[in-house]
Protein chains: 2
Amino acid sequence: MRTELLAELAQQLRVDSVRVADLAGSGHPTSSMSAADIAAVLLSNHLTYDFDRPDHPGNDRLIFSKGHASPLLYSMYLAAGAIDETEFRTYRREGSRLEGHPTPRLPWVDVATGSLGQGLPVGVGMALAGQRLGKAPYRVWVLCGDSEMAEGSIWEAAEHAGYQHLDSLTMIIDVNRLGQRGPTRHGHDLGAYARRLHAFGWHTIEIDGHDIEAIESALEEARSTMGEPTAIIAATKKGRGVAAVEDREGMHGKPLPDAASAIEELGGRRSMRVEVRKPTSALADARPEVGHLNLPRFAVGDEIATRDAYGQALTALGTARGDIVALDGEVGDSTRTEFFSKEHPERYFELYIAEQQLVAAAVGMQACGQIPYASTFAAFLTRAHDFLRMATVSRASISVVGSHAGVSIGQDGPSQMGLEDLAMFRSLHGSTVLQPCDANQTTRLVAAMAELEGVSYLRTLRGKTLVIYGPDEQFPVGGSKVLRHSIDDRMTLVGSGITVHECLVAADLLAAEGITVRVIDMYSVKPADEVTLQAAAADTGCLITVEDHHPQGGLGDAVAEVFSDGRPAPRLVRLGVRDIPGSATPEEQLRAAGIDADSIAAAVKLLTGTAMVR
Amino acid sequence: MRTELLAELAQQLRVDSVRVADLAGSGHPTSSMSAADIAAVLLSNHLTYDFDRPDHPGNDRLIFSKGHASPLLYSMYLAAGAIDETEFRTYRREGSRLEGHPTPRLPWVDVATGSLGQGLPVGVGMALAGQRLGKAPYRVWVLCGDSEMAEGSIWEAAEHAGYQHLDSLTMIIDVNRLGQRGPTRHGHDLGAYARRLHAFGWHTIEIDGHDIEAIESALEEARSTMGEPTAIIAATKKGRGVAAVEDREGMHGKPLPDAASAIEELGGRRSMRVEVRKPTSALADARPEVGHLNLPRFAVGDEIATRDAYGQALTALGTARGDIVALDGEVGDSTRTEFFSKEHPERYFELYIAEQQLVAAAVGMQACGQIPYASTFAAFLTRAHDFLRMATVSRASISVVGSHAGVSIGQDGPSQMGLEDLAMFRSLHGSTVLQPCDANQTTRLVAAMAELEGVSYLRTLRGKTLVIYGPDEQFPVGGSKVLRHSIDDRMTLVGSGITVHECLVAADLLAAEGITVRVIDMYSVKPADEVTLQAAAADTGCLITVEDHHPQGGLGDAVAEVFSDGRPAPRLVRLGVRDIPGSATPEEQLRAAGIDADSIAAAVKLLTGTAMVR
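Residues numbered from 1 in each chain as written. Chains lettered and ligands numbered in written order. Predicted model: local features only at pLDDT ≥ 70, side-chain atom pairs only at ≥ 80, totals over all residues. Heavy atoms only, no water.

Within an unreviewed UniProt entry, the label attached to chain A reads Transketolase, and the organism entered is Streptomyces niveus. As stated in UniProt under Subunit (unreviewed entry), the record for chain A gives "Homodimer." You can read under Sequence similarities (unreviewed entry) in the UniProt record for chain A the words "Belongs to the transketolase family." (UniProt positions renumbered as here; feature names shortened; annotations may be inferred.)

Draft legend 1. Examining the relation of the copies chain A and chain B more closely. For the match of chain A to chain B, the screw axis carries a shift of 0.0 Å, the RMSD comes to 0.0 Å, and the turn is 180°. The superposition of one copy onto the other is thereby described by a two-fold rotation axis. Rotation axis and chain A: the residue whose C-alpha lies nearest the axis is A:Gly152, separated from it by 1.8 Å. Same-surface contact between copies: 100% of interface residues of chain A are shared with the interface of chain B. (Least-squares fit on C-alpha atoms with pLDDT ≥ 70 in both. Contact = heavy atoms within 4.5 Å.)

Draft legend 2. Structural context of the packing of aromatic side chains. For the structure on display, the rule yields 27 aromatic pairs over all chains. Ring geometry for B:Tyr49 against B:Phe51: centres 4.7 Å apart, planes inclined by 45°, an arrangement best described as tilted. Residue class for B:Phe51 comes out buried when judged on its relative accessible area of 13%. Ring geometry for B:Phe377 against B:Phe380: centres 5.3 Å apart, planes inclined by 10°, an arrangement best described as stacked. Under the relative-accessibility criterion, B:Phe377 is labelled buried at 5%. Since its relative accessible area comes to 10%, B:Phe380 is described here as buried. In textbook terms, an aromatic cluster arises when at least three aromatic residues are bridged by ring pairs, as seen for A:Tyr49, A:Phe51, A:Tyr74, A:Tyr77, A:Tyr91 and A:Trp108. Above the face of the A:Trp141 ring, A:Arg139 is positioned so that its terminal group lies 5.3 Å from the ring centre. A cation over an aromatic ring shows up here: B:Arg61 above the ring of B:Tyr138, its NZ or CZ 5.2 Å from the ring centre. (Phe/Tyr/Trp six-rings, centres within 6.5 Å; stacked < 30°, edge-to-face > 60°. Buried < 20%, exposed > 50% of the residue type's maximum accessible area, 1.4 Å probe, protein only. Lys NZ or Arg CZ within 6 Å of the ring centre and 35° of its normal.)

Draft legend 3. Examining the packing of helix 1 (residues 3–24) of chain A against helix 4 (residues 70–79) of chain A more closely. All names here are of chain A. Relative to each other, helix 1 and helix 4 sit at 120°, their axes nearing to 8 Å. Taken together, the axis directions place helix 1 and helix 4 in an arrangement best described as oblique. Note that helix 1 runs across helix 4; the crossing there is right-handed. From helix 1, Leu 9, Gln 12, Leu 13, Asp 16, Ser 17, Arg 19 and Val 20 reach across to helix 4, where they touch Pro 71, Leu 72, Ser 75, Met 76, Leu 78 and Ala 79. (Axes fitted to C-alpha atoms, helices over the stretch in contact; angles between N-to-C directions. Helix = DSSP H or I, 4+ residues; strand = E, 2+ residues; numbered from the N terminus. Parallel < 35°, antiparallel > 145°, perpendicular 65-115°, else oblique. Left-handed = near helix turned anticlockwise from the far one by under 90°.)

Draft legend 4. Geometry of the packing of helix 1 (residues 3–24) of chain B against helix 3 (residues 36–46) of chain B. Residue and element names in this part refer to chain B. Between helix 1 and helix 3, the least distance of the axes is 8 Å, while the angle of their chain directions is 120°. Considered as vectors, helix 1 and helix 3 are oriented oblique to each other. Of the two possible hands of crossing, helix 1 and helix 3 adopt the one that is right-handed. Contacts between helix 1 and helix 3 involve Leu 6, Leu 9, Ala 10, Leu 13 and Arg 14 on the former and, on the latter, Ala 36, Asp 37, Ala 39, Ala 40, Val 41, Ser 44 and Asn 45.

Draft legend 5. Quick peek at the environment of A:Val142. Residue and element names in this part refer to chain A. Along the polypeptide, Val 142 turns up in strand 2 (residues 140–145). With 23 residues separating them in the primary sequence, Val 142 and Gly 119 have C-alpha atoms 6.6 Å apart. Each residue touching Val 142, except ones within four places of it in the same chain, is listed here: Ile 63, Ser 65, Gly 119, Leu 120, Gly 123, Leu 169, Thr 170, Met 171 and Ile 172.

Draft legend 6. Structural detail: the side chain of B:Ser44. Residue and element names in this part refer to chain B. Mapped onto the secondary structure, Ser 44 falls in helix 3. Overall, Ser 44 belongs to the buried group, its relative accessible area being 14%. Within the structure, the side chain of Ser 44 is placed 2.9 Å from the backbone oxygen of Ala 40, a separation counted as a polar contact. Apart from the residues within four sequence positions on either side, Ser 44 is in contact with Met 1, Leu 6, Leu 9 and Val 274. (Polar contact = N/O pair within 3.5 Å; in protein donor to acceptor, adjacent residues only side chain to side chain.)

Draft legend 7. Molecular detail of unusual backbone geometry. Residues and elements named next belong to chain A. Looking along the chain, the bond that leaves Lys 526 and enters Pro 527 is cis, with omega of 0°. By the element assignment, Pro 527 lies in the loop between strand 17 (524–526) and helix 19 (530–540). For Arg 336, which is not a glycine, the phi torsion comes out positive at approximately 75°. Tracing the chain through its elements places Arg 336 in the loop between helix 12 (332–335) and helix 13 (338–343).

Draft legend 8. Representation of the sheet that holds strand 2 (residues 140–145) of chain B in the model. Residue and element names in this part refer to chain B. If you walk across this open sheet you meet the five strands as 1-2-3-5-4, and the pairing is parallel. Here the strands that pair on one side only, and so sit at the sheet edges, are strand 1 (61–64) and strand 4 (203–208). Strand-to-strand, the axes of this sheet are offset by a mean angle of 15°, without reference to chain direction. When strand 4 meets strand 5 (residues 230–235), the two strands line up parallel, connected through six bridges. Within strand 5, the position partnered with His 203 by the bridge is Thr 230. (Pairing = 2+ DSSP bridges.)

Draft legend 9. Inspection of the UniProt feature "domain: Transketolase-like pyrimidine-binding" (unreviewed entry) in chain A at higher detail. Here the UniProt-annotated "domain: Transketolase-like pyrimidine-binding" (unreviewed entry) positions come out as residues 304–468 of chain A. Taken as a whole, residues 304–468 of chain A contains 39% helix and 21% strand, while its terminal C-alpha atoms sit 11 Å from one another.

Draft legend 10. Molecular detail of the domain arrangement of chain A. All names here are of chain A. According to the domain assignment, chain A contains domain 1 (3–265), domain 2 (303–466) and domain 3 (481–613). Each side of the interface is counted separately: domain 1 has 28 residues, and domain 2 has 28 residues. Taking both sides of the interface into account, the surface hidden between domain 1 and domain 2 amounts to around 2100 Å²; carbon and sulfur atoms contribute 60%. On the surface where domain 1 and domain 2 come into contact, there are zero salt bridges. Here domain 1 and domain 2 share nine residue pairs in polar contact (both at pLDDT 80 or more) between them. (Domains from an automatic or database assignment. Buried area = accessible area lost by both parts, 1.4 Å probe. Salt bridge = Lys/Arg side-chain N within 4 Å of Asp/Glu carboxyl O.)

Draft legend 11. Examining the state of the cysteines more closely. Under the definition given, this model contains zero disulfides over all chains. Counting only cysteine sulfurs, A:Cys437 is the nearest neighbor of A:Cys503, a cysteine outside any disulfide, at a range of 10 Å. In this structure B:Cys542 is not part of a disulfide, and its nearest cysteine sulfur, from B:Cys503, lies 13 Å away. (Disulfide = S-S within 2.5 Å.)

Following this line, the structure appears as structure tokens:
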């Protein structure tokens, strides 16, 4: 499209942004207007996209990292004919696909944005998938705001993109100088961004973001730059084109004061239609074949760390399925994804110590058809909490595996212990939370995760645990195992992971004293096995949960949730880690936290009155 | 100290690191040995510190951001005479202050480290306090590993330190080339780090980290550099001095294979003692006077957003106490900390959109005697989860305030909604979690937070809510308010924040139909008011919790936890946000989530059987 027409199109995008926010009574028209020229040129002359086939593997990826500029994105969809005026006018209304910030309820939106600093790291994941996994050639375009450049996650992504030479990735920074509450740190100093990005290995181009020809040439340059990602750093004005708001403070995130006159000032409504170039590759990516899965098998009575079983199972899964990818945060020797890296190096992604980028890359890759397993220490996954939260809004399906759970890691101390991870994952919408206690259980759950929707979490242990299940045992998600059971059970012990073994020993100790207790292995923390827990409640009247985790948000809360359905509840007691641990051996740690076999047995005796009798 | 002696001291620090890890049977001697020369020179010639008075305001701050190098830190303490050989030998044993990673159980450790990438941002907070608040002059020394330079939080800190001209801050990067599982991204390419940091406004010095004279001169240069923070980028060798491990892969995080011969190779044990220079300023910082607190007062029946009340209360608190500081993530117009910024600009810290740095700065400032309130959207606090977790290990006392809680924010959609924040804060050890429903309650809780130990969280609302409490009402932490109460109560509604008002309307709707229910305002989510909840359970037999949060980890779990003490429990039902919301008005959102008055009333009728009878 020629310059004059592009300028017209940009004005149309501005007008549409203004009027849709006005109709909605809220939204971010000024943040849309600053990037309208860029959007017009990108849509008309550079984006490759088949809006009728959003799943086409040759489609470019377009991410509005500055998700609040959704009026602009939806105005582009309107111009491309992807949505009609009737739908356009539903912006921000209940039930509309056109939400305040873009989400994959729209088929052309791969990932949700709105929490700043996430679009670029997710785009890195998409570009990695495209360049490293032999996909159809596509480009990844990420529109960033200048405010979000302060987020560390942007620099994790900048580092990774530069290091990996992701030349299919283009970041366009809409430097409109004004953040939410006033001027940004660097204002219109484009060089501040260019110097930083250049140091991180990027090709940088500084332009006037309202100069159509400059935009055209910069986008062309980005497409032809090899070996480096490109950053187009564009000086723009927020609210561009309407004097009442242009480049003015206090005009963030609200409709224009007088939309009618603003639209007039912008030249009135237009109805240009853009024919977006479609991908030339005719074929869809062949879905990798799923071969026979040969999971490792462990002998009952052996001692194996669940993290080892995870590494082996993941490797086997990778052999069976070509769409499995593994990602790690430079701790693959601890999480045991190194097993996978040796067998399937081409599908192993080292993200270094950058947990936000780790999870973001997984989210980006699943949007490109991969089945990602992202691993690091359970404790350090808290670093990526906001990315996990947004992954649920993105309707992303990712498997996340946290090792070194709980105090049972021993001497390294609390900084390395996952003691809040169950709470974090349990609170995520639609999540699955799994915690195996032995090697064979681990392998089954690892395989099951590949089929799960949403964010799935598996928690593994540093130390070895006894293999108590045979290799053919089944462990459905949402199930549990009753490991001790008699008609005389006076109480039920509910363990998960390491504490299953402590509960079993406690049960044996108690049995020797004539006190029989039921023991449940609640390997599926969410969803919980309500039937088994309800039965245990009916039979024994009292459940004691034992968890290597703080008492809030984990197993204790999960069991209590089962009994929050309005029916009469059993007596509940929870044992968990109630202090900040120090350094000590694993055994000392479990004892100090009161979650070892002796402490469990003592609790049972106290509750049954046996302790007082003796 | 002269060069030859410094070289001897460095060998002593190496020997001690090797032997203490050997005694413990675990730890990171090789990561200590790489930085031993730096540590020797810093301790002897540049650190200002009175080990007898760790609370001396003139003391420098020394942070081992690479906390796994704790053997080196403790060897420095041993050389300085702060600890003796007997204690030194307790490293990593149960009960010892010498944990695997440093924590403030040692009086000379201001903040815990061990989760990489946190020391520098915390150091930025300390330097900010020192330079901006007219404190005794002290320097902040942060020893970083090269692996942790991949963490985005490092670059949030680098950006902030450069922008704020924090010349009292020196980062020393121990570039030993090897991370946990193998080579780092940049290996020994010192220029890669220098270029990046220089672009972020740092003065950079590249040295051989085993050249004593080069170290001496670099530290001297750092101390005399004005207007910029300094990064000393030191090429080192992991395991330096012992051929069996020096610069070799696979030697991370474990004792040396043959400690005795290694110690011999290092020249054997030494017992040099370092006289560390003490601060010259004789006086302790005067503790700011605490004046009379004039909290804002709101009239019952008015409508005020709790975020507005927070902003006003914080401003009043800042007027009464000079040690109050406010920090924000570039959303002060939303969180309402802008009120504080106008009244107390010298104690207002704009951290821009960098939530990790936001929380880290608060942690750093509290270590320097301030009482920080850190604010952003509740949703975006998830970005700082790992920093909040480590704040608890640091025994830090900080107040954190999250606005825009829950679906009640309306049209902006799920990316902006805090729906997991209660779960996150509740799972933190020793945390306090508060959620006010009206303006007068907010002001009281904001004032109370200044006195609390640990991480305290207050959750505020975007929209206006009715003032239902008088300005003289008291709201003790751990308390609750019973707002409807009769001897005929058939059920109890437990709300918090916005849902208190929905519960009250529901109670009125039900009362009109002859169904009386108790209503409890559980403004203190953690600790919970067990007495009042137990009484409601005894009186009514059934509690319905209503929360604008996902059903896991929040109010429902908090109430269930109260009934997990082994005593008979009431029937529990929880209403919460069970889907991913879209865009809609606040009223539509509450209805869609089933937490509005009508939904609550319907639930009560269903549970009491009234619905079926009618």
